[in-house]
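Coordinate analysis (summary)
Given next are the chains, with one letter for each unit.
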Amino acid sequence: SSVGLVPVEITTFLDGQTAAALNGKPHDLKKRVAIGVGAFGSQVLNNLVRAGTDQWVIIDHDVMRPHNSARHLLGAEYVGCNKAEAVAQQLGGVLDPQNPSLRAIPADLLNAGEHQEVLEQALQDAEEIFDFTASVSAARHLSELDLSARRVSGFVTPSGNALIILAEDESRACTLSWLENIHYRLVLTTPELTESLIADGQIRTGASCRDISAVIGQAELATWAGEFSYRITSLLEDTASSVEVHLRDACGGVRVFIDRPSSPEVVKLGEWEILIDDWVIGNLSRFRNLKLPNETGGILLGVIDTKKKKCALTDVISSPSDSEEWPTSYIRGRNGLLNAMQQAEKQTAGQVTYVGEWHSHPDGVSVNPSHLDHQAFLNLREQRDEECLPTLMLIVGQHGRYRFMTDRSVKKTK
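Reading the values: rules and limits
Residues numbered from 1 in each chain as written. Predicted model: local features only at pLDDT ≥ 70, side-chain atom pairs only at ≥ 80, totals over all residues. Heavy atoms only, no water. Core = buried A, V, L, I, M, F, W, Y, C linked by side-chain atoms within 4.5 Å. Buried < 20%, exposed > 50% of the residue type's maximum accessible area, 1.4 Å probe, protein only. Helix = DSSP H or I, 4+ residues; strand = E, 2+ residues; numbered from the N terminus. Contact = heavy atoms within 4.5 Å. Patch = residues over 30% accessible without salt bridge, like charges linked within 9 Å, V, L, I, M, F, W, Y side chains within 5 Å. Areas by Shrake-Rupley, 256 points an atom, 1.4 Å probe, with all protein chains shown as cover. Salt bridge = Lys/Arg side-chain N within 4 Å of Asp/Glu carboxyl O. Polar contact = N/O pair within 3.5 Å; in protein donor to acceptor, adjacent residues only side chain to side chain. 1 Å grid on protein atoms, 1.4 Å probe; cavity = no way out; pocket = protein on both sides within 12 Å on 5 of 7 lines; lining within 4 Å. Points joined across faces, edges and corners; volume = space filled by probe spheres on them. Nonpolar A, V, L, I, M, F, W, Y, C, P; charged D, E, K, R; others polar. Right-handed = clockwise from strand over helix to strand, strands pointing away. Pairing = 2+ DSSP bridges.

1. So, the nonpolar core
By size, the foremost hydrophobic cluster in this structure holds 36 residues, and its most contacted members are Phe 40, Leu 45, Trp 56, Ile 58 and Phe 228. Broken down by element, the residue count for this core peaks at seven residues, all from helix 7 (residues 218-237). In this structure Leu 45 touches Ala 34, Val 37, Trp 56, Ile 58, Val 87 and Leu 91, once residues within four positions along its chain are discounted. Of all hydrophobic cores here, the second largest spans 35 residues; its members include Ile 129, Leu 147, Ala 162 and Ile 164.

2. Comments concerning a nonpolar patch on the surface
Together, Val 254, Val 256 and Ile 258 make up a nonpolar patch on the protein surface, roughly 220 Å² of accessible area in all. With respect to the element layout, Val 256 can be found in strand 10 (residues 254-259).

3. Quick notes on the environment of Arg 288
The topology assignment puts Arg 288 in helix 8 (residues 278-291). Between the alpha carbons of Arg 288 and Ser 360 there is a distance of 6.1 Å; along the sequence they are 72 residues apart. For Arg 288, the side chain forms a polar contact with the main-chain oxygen of His 361, separated by 2.9 Å.

4. A short note on the layout of surface pockets
A volume near 710 Å³ is recorded for the second largest pocket. Along the wall of the second largest pocket there are 29 residues; nearest its centre are Arg 332, Glu 357, His 359, Ala 376 and Met 393. Looking at the lining of the second largest pocket, the elements that each hand over two or more residues are strand 13 (297-305), strand 16 (329-331), strand 17 (353-360) and helix 10 (371-386). For the lining of the second largest pocket, a count of residues per class yields 13 nonpolar, 10 polar and six charged.

5. Overview of the pairing of strand 2 (residues 56-59)
Of the two faces of strand 2, the one lined by Trp 56 and Ile 58 and the one lined by Val 57 and Ile 59 are each fully buried. Handedness of the β-α-β unit built from strand 1 (residues 32-35), helix 2 (residues 39-50) and strand 2 comes out right-handed. By the bridge criterion, four bridges tie strand 2 to strand 3 (residues 102-105) in an arrangement that is parallel. The partner of Val 57 across the bridge, within strand 3, is Arg 103. Handedness of the crossover is the feature at issue here: the chain leaves strand 2, passes through helix 3 (residues 83-92), returns alongside strand 3, and the resulting connection is right-handed.

Now the structure itself:
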């Protein structure tokens, strides 16, 4: 009775289930892969791990440099370390460090070398794949991989004033590469977004030509990382694809522009695949109807991937003012076209460019090419072949019918 009792507080390591409960979320045990843990990716992963999503494989070949700490989850003590390994170590201590669930692969997605086998296995096992690289080539590569996992890409624009989220649909009818094209379309057709991909400034961080970094505030990146982390749950609960642009205004408010794209039709032209959707066909038909009974035309804008031999149609430009339009013939002019193409390239960071020509046929006439169409196609092909690019000439007719001309369509009438 003389021995005093002192209550002992019993504590345990934070686990994923408790972390999820503290965040007001269900515990999620899906296997995920995060590719690219730079300034944005590391902060998004920090948010998601602390919310209880603890089954991650982290892939990145880059190393921490001194200037990275201005906007990165990691501090100066990790300078010189591989980012994937360092982030896995740092966040592995958030939840039970005796049972770490974060694994790192210090490899380049496009050139994994000795890590190729383990990288492929991680992607094969994943249920969801997150791309934070802000790399066009990485996103397009992920699009082509024959995997069951749904893919999401998130990045902050060079100016720092917008967050882009591209989420594939559950069936993957709209892949990341197609959603990239839809994002460019939003930029070209939405006045508020025309300068969203134009960088405001850069700063040199070292002596080499590649040591250049964008000028973006840590507060901006942290805000966008939070915005992405908040939105991604809802996006992945939806089975449809989505393109979202979150744009900050001068007063600090955020406007969200959303596109729920339809899947494209894939047209085979030789070794090339041309991707076209109802939006492009609808615009072509609208321009055609405005000029009836005359023929009309213009140019096609799109994104060309020479490595994958794919061309996605982004937008169409209507007939220039100096064009000659008759009921049975059309000669395209060129007033304003050069400026329009240069503007499209500038607004999309050089990704959207001229890809071909289009013209219409009047009511009651098929979309089969005429003799003049054949000659125009041969002239265009000669120019495009010099650059190893596809020759796109599209004829649009009544009721939304259309046809791409090919070598076969030319030979058939000779």
